[in-house]
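Overview (structure and organization)
The lines below spell out each chain.
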Amino acid sequence: MSDTTMTSSSSSTPPPAAGEPRAGAPSTPLFAIRPTPFAGRAVFAVQHITASTPLWRATDLSLAVLLREYRREVCAQCFFYDRGRDLPIRSPGTGFAFCTPQCSDEWERGNGEVGTQAWRAVEALVKKRSKEDGEMVELGLPRPGEEEIQEAWESAEARAVLIRAAREAEKPRGEGEEAVRVTKVHRRAVASALQAKISPDVMAFIVSGVVWRHNAASEQWDALLALADDATPYHSADDLAAFTRSYLHLLATLPLPLLPLLNPGTVFTLSSRDSHNSFGIRSLDDEGSEFFGYGCWPSASYFNHSCGPNVEKAREGREWVFRAGRDIAAGEELNITYLSGEERRDSREKRMQTLKRNWGFDCGCHRCREEGGKEEEGTTTTLKT
Ligand SMILES: C[S@@+](CC[C@H](N)C(=O)[O-])C[C@H]1O[C@@H](n2cnc3c(N)ncnc32)[C@H](O)[C@@H]1O
C-alpha cells in the first residue's frame, strides 16, 4: 500500500469470513452481530433479556480528543468534570489537567514515554501561537469527494518527503553511515510547515491516534479497521486542509519514533473510522449539554441508532456501559440513540436532519417509520432465527 492510498489500510490479519466474529467486536451470550438489509451490521438479542440487564462494558478507548477549551476543567484520564472548576493537578508540559495523582499517573502510563513527549512537543508549539481559527466547522459546505481527498494527501506527501528527510538528519549515525544531506529546500519545507496556520484540536486528533497506534497491539488496530468506514470523512475543504496542514506540522515536530506511523494512510484511516463511530464525551448531568470532545471505543460501535432505543448507554469515566432499557425479546435488534437528550425531543424531520448531518444516514428506525406513517420494511430489523 502506498503511503497516500486512502481507500484501505494495512491489517495484520486477513478479514474474517462471513459469519465469523470481527476483530474487537463484542462477544457475549446475550447478543450477536448480524448484517441488516439497509443499515450495515447490527446487534441482535439471542435470548430474552429483562429490563436493566447489563449488556456490555466497553473499555477499549482508542483515540480521544479533549477539546482544548476544556483542558483545564476535564480530567484527561477519566473525563471527570467539576461544573467548570479548574482541576487540582495540572501538567504544565502537556497542558492536561487531572482530578487525582492516580489519573495523572495512569495517563502517563497509557501514553508511554514517546506519547508523553509527543503531547509536550505539541503543547510547546501551540502555546507559542495564539489560538487560530479553523477549528469551527462550518455547516452546509460541500464535503470534499474521494478524488479531492486523494489529491490533497498526495500534494501534502510531496512536501512531507522533504520534511522526513530533514528529520532523518536528527538521527544519530552509526560508524560508516553516511550523513543525510539537508539542503535549503528541505529546510524551507520544514519552516513552511511550522509557519502554517495551526488547528490545535485537529492536531490533538492526529496525535491521539498515532500515539494510540504506536502503543496498541495489532489486534487493537484491526478492531478499528473492522468498523464501518466513511470514504469522505471531512466536513469541508477547510477541514481537509486543516488535516493535511496539521500532518505536515506534526511531521516537523513529533518525536522520531512516531514518524513511521505518521503517514497519510494512518491519518486518513483514523478519520474514516472516527467519522461513523465516535461517541461524544459529554457532561454527565444536565443531559450532557457540555460537549468536551469525543472518542472511539471499537467494541461499542456495533449498536445501530434508534430514536426509540431499547438499550441505555452511560459513560462511567473512560468506559461505556450498556443496559437493557426494557424487556427485550430474543431476535429483537438492540439499539442505542446517537442523539443528545434535547435532540431526542425534536420532531421526526429535525431528528432525521441531525442524523443525516452528523452521521450521514437516513434514519430507518421504528419510531421514524411509525411517525412517518410508512408501512414498508425499514432499515431496523428483527433477526429471524
Ligand atoms: C456506529 S455504526 C453502527 C454499526 C454499523 N451498522 C456497522 O455495520 O458497523 C453507525 C452506522 O450504522 C448505520 N446506522 C446506524 N443506525 C442506523 C439507522 N437507524 N438507520 C440507518 N442506518 C443506521 C449508519 O451507516 C451509521 O453511520
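Just so we're clear, the structure is a prediction, and the values are computed from it rather than from any experiment. (Residues numbered from 1 in each chain as written. Predicted model: local features only at pLDDT ≥ 70, side-chain atom pairs only at ≥ 80, totals over all residues.)

Regarding the overall build of the protein
- Broken down by element type, the protein carries 10 helices and 12 strands.
- Looking at the protein as a whole, 40% of its 385 residues qualify as buried.
- A separation threshold of at least 6 residues defines the contact pool for the protein, and within that pool the share at least 24 residues apart is 72%. (Helix = DSSP H or I, 4+ residues; strand = E, 2+ residues; numbered from the N terminus. Buried ≥ 20, exposed ≤ 12 C-beta atoms within 10 Å, placed from the backbone. Contact = placed C-beta atoms within 7 Å.)

Looking at the pairing of strand S10 (residues 311-316)
- Pairing of S10 with strand S11 (residues 319-324), which is carried by 6 bridges, proceeds in the antiparallel orientation. Bridge pairing in S11 links Val311 to Ala324. (Pairing = 2+ DSSP bridges.)

As for the domain arrangement of the protein
- Here the domain parsing of the protein yields domain 1 (31-59 + 297-374) and domain 2 (63-133 + 143-168 + 183-279).
- The straight-line distance from the C-alpha centre of domain 1 to that of domain 2 is 30 Å.
- With 10 residues of domain 1 at the contact, the number on the domain 2 side is 11 residues.
- Within the side of domain 1 that touches domain 2, the residues separate by chemical class into 5 nonpolar, 4 polar and 1 charged. (Domains from an automatic or database assignment. Nonpolar A, V, L, I, M, F, W, Y, C, P; charged D, E, K, R; others polar.)

Let's talk about the site of the ligand
- Of all residues adjacent to the ligand, which total 21 residues, the nearest are Ala39, Gly40, Arg41, Ala228 and Asn304.
- Elements that contribute at least two residues to the shell around the ligand include exactly strand S2 (41-45), helix H7 (264-277) and strand S9 (304-305).
- By residue class, the composition of the shell around the ligand is 9 nonpolar, 11 polar and 1 charged.
- Mapping the shell around the ligand onto the domain boundaries places at least three of its residues in each of domain 1 (31-59 + 297-374) and domain 2 (63-133 + 143-168 + 183-279). (Near = placed C-beta within 6 Å.)

Side note on the sheet that holds strand S8 (residues 291-295)
- Within the open sheet, the 3 strands sit side by side as S4-S8-S7. Their pairing is antiparallel. One side of each edge strand has no neighbouring strand; the edge strands of this open sheet are strand S4 (64-66) and strand S7 (279-282). Here the average twist between neighbouring strands, direction ignored, is 25°. (Axes fitted to C-alpha atoms, helices over the stretch in contact; angles between N-to-C directions.)

A few points about helix H6 (residues 237-251)
- The terminal C-alpha atoms of H6, which comprises 15 residues, lie 21 Å apart, in line with the 21 Å expected from a rise of 1.5 Å per residue.
- When you tally the buried positions in H6, you get 11 out of 15 residues, the bulk of the element.
- Where H6 is concerned, the buried positions are Asp239, Leu240, Ala242, Phe243, Thr244, Ser246, Tyr247, Leu248, His249, Leu250 and Leu251.
- On its buried face, H6 sits against helix H2 (146-168), helix H3 (184-195), helix H4 (200-215) and H7. (Expected span 1.5 Å × (residues − 1).)

Examining the sheet that holds strand S3 (residues 54-58)
- On the basis of which strands lie adjacent, the open sheet formed by 3 strands has the order S3-S11-S10 and antiparallel pairing. Edge positions in the sheet fall to S3 and S10, since each has one partner strand and no second. Recorded for the sheet is a direction-independent mean angle of 20° between the axes of neighbouring strands.

Some points on H2
- Taking 1.5 Å per residue as the helical rise, H2 with its 23 residues ought to reach 33 Å, and the 31 Å between its terminal C-alpha atoms agrees with that figure.
- Buried residues of H2: Ile149, Ala152, Trp153, Ala156, Ala160, Leu162, Ile163, Ala166 and Arg167, and no others.
- Where H2 is buried, its residues meet H3, H6 and H7.

Some thoughts on the environment of Trp153
- As for its placement among the helices and strands, Trp153 is situated in helix H2.
- With 213 residues separating them along the chain, Trp153 and His366 place their C-alpha atoms 40 Å apart.

Details of the packing of H2 against H3
- Here H2 crosses H3 at 105°, and the two axes come no closer than 8 Å. As summarised for this structure, H2 and H3 are arranged roughly perpendicular, according to the angle between their axes. Each of Arg159, Leu162, Ile163, Ala165 and Ala166 in H2 lies in contact with H3, whose residues at this interface are Val185, His186, Arg187, Ala189, Val190 and Ala193.
- Split by residue class, the contact of H2 with H3 holds 8 nonpolar, 1 polar and 2 charged. (Parallel < 35°, antiparallel > 145°, perpendicular 65-115°, else oblique.)

As for the environment of Gly176
- Of note, Gly176 is situated in the loop between H2 and H3.
- Residue class for Gly176 comes out exposed when judged on the 5 C-beta atoms lying within 10 Å of it.
- For Gly176 and Glu342, which are 166 residues apart along the polypeptide, the C-alpha to C-alpha distance reads 66 Å.

Some remarks on the nonpolar core
- With 79 residues, the main nonpolar core has Cys75, Phe98, Ile163, Ile206, Val207, Leu251 and Leu334 as its most contacted residues.
- The biggest single contributor to this core is H4, with 9 residues.
- Counting contributing residues, this core receives three or more from each of domain 1 (31-59 + 297-374) and domain 2 (63-133 + 143-168 + 183-279).
- In this view, Phe98 contacts Cys75, Ala76, Gln77, Leu87, Ile89, Cys103, Ser104 and Trp107; residues no more than four positions away in its chain are not counted.
- Cys307, Leu339, Leu355 and Cys368 belong to the second largest nonpolar core, which has 8 residues in total. (Core = buried A, V, L, I, M, F, W, Y, C linked by C-beta atoms within 7 Å.)

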